[in-house]
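Listed here are the chains, written in short residue letters.
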Amino acid sequence: MMLRSRYVVLLMPCIAVLAGLYYLRSAWTAILLYHAGIVIYLFLARSDRPRPALFRGWHTPTGIGLVLLCACSGPLLVILWTVIENVQGSLSAVLESFGLRGTSWWLFAAYYVSLHPILEEIFWRDALAERNRSIDIVDIAFAAYHVLVLLLFLKIPWVIVVFVILVLVSSLWRRMAGRYHGLAIPVISHMTAGLGIMTAIYLLTRG
């Protein structure tokens, strides 16, 4: 029963994306459903193991390296966009169809860069994480829900490439959280990736 419950939790982000983006066509609904699920799980779950502190565990060489790596996400998205995109019409029109325009877009971008990485790291790299060095089902589930989003914007071969990258990055973040006993490196580098992606999207919609 516990194993089944864990699988349900791992599938929760996919359900939120399917309901929010595919059924209701609302980016805000998708992300808020997802985050509500995380908050409810964290409130109900109980764990006897030590919990890594949110902004502890910083290791400068490793942290800077991962921040720089994640900072590449934005420039790469801009450079490769014409090759990897599979958007029907303009990117700005597609975003508007999901309720992201004007003030809503700016608020969503700020939310995505700030609170979103914190909740994700607590959920994926702490609450659900197994303390091992190999790729775990948690890493696969983390990447899998992104696939549902990426299918709306990218060609399938590139969705697969990004899926593999996300699995590896998730595994790396999880290992860093365990090695340095804190979520500082995953949170800060995750925020950096989010900022890069939001900046790239802004530039692509203005191009």
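Look up: the structure comes first, before these words.
Residues numbered from 1 in each chain as written. Predicted model: local features only at pLDDT ≥ 70, side-chain atom pairs only at ≥ 80, totals over all residues. Heavy atoms only, no water.

Undergrad: Break down the environment of Ser5 for me, citing the residues and quoting the values.
TA: Looking at where Ser5 falls in the secondary structure, it is placed in helix 1 (residues 2-23). According to the relative accessible area criterion, Ser5 is partly exposed, its value standing at 37%. (Helix = DSSP H or I, 4+ residues; strand = E, 2+ residues; numbered from the N terminus. Buried < 20%, exposed > 50% of the residue type's maximum accessible area, 1.4 Å probe, protein only.)

Undergrad: An account of the nonpolar core is needed here, citing residue identities and associated values.
TA: Counting residues in hydrophobic clusters, the biggest one holds 54 residues, and the most contacted among them are Trp81, Trp124 and Phe153. Here the element with the most residues in this core is helix 8 (residues 137-150); it accounts for eight residues. Setting aside chain neighbours within four positions, we find Phe153 in contact with Trp81, Ile84, Glu85, Asn86, Val87, Leu91, Val94, Leu95 and Phe98. (Core = buried A, V, L, I, M, F, W, Y, C linked by side-chain atoms within 4.5 Å. Contact = heavy atoms within 4.5 Å.)

Undergrad: Outline the side chain of Ser171, listing residues and values.
TA: As for its placement among the helices and strands, Ser171 is situated in helix 9 (residues 156-179). Among the residues examined, Ser171 registers a relative accessible area of 2% and is labelled buried.

Undergrad: Let's hear about the pattern of salt bridges: which residues, and what values?
TA: Evaluation of the coordinates by the stated rule reveals three salt bridges. Here Arg125 ties to Glu121 by a salt bridge, and the two come within 2.8 Å at their closest N and O atoms. Highlighted residues: Arg125 and Glu121, both in helix 7 (residues 115-127), separated by four residues, approximately one helical turn. The exposure class of Arg125 is buried, given its relative accessible area of 0%. Relative accessible area serves as the criterion here: at 0%, Glu121 is assigned to the buried category. Between Asp139 and Arg174 there is a salt bridge whose closest N-O contact spans 2.5 Å. Placement of the pair is Asp139 in helix 8 and Arg174 in helix 9, with a sequence separation of 35 residues. For the pair Asp139 and Arg174, one class covers both residues: buried. (Salt bridge = Lys/Arg side-chain N within 4 Å of Asp/Glu carboxyl O.)

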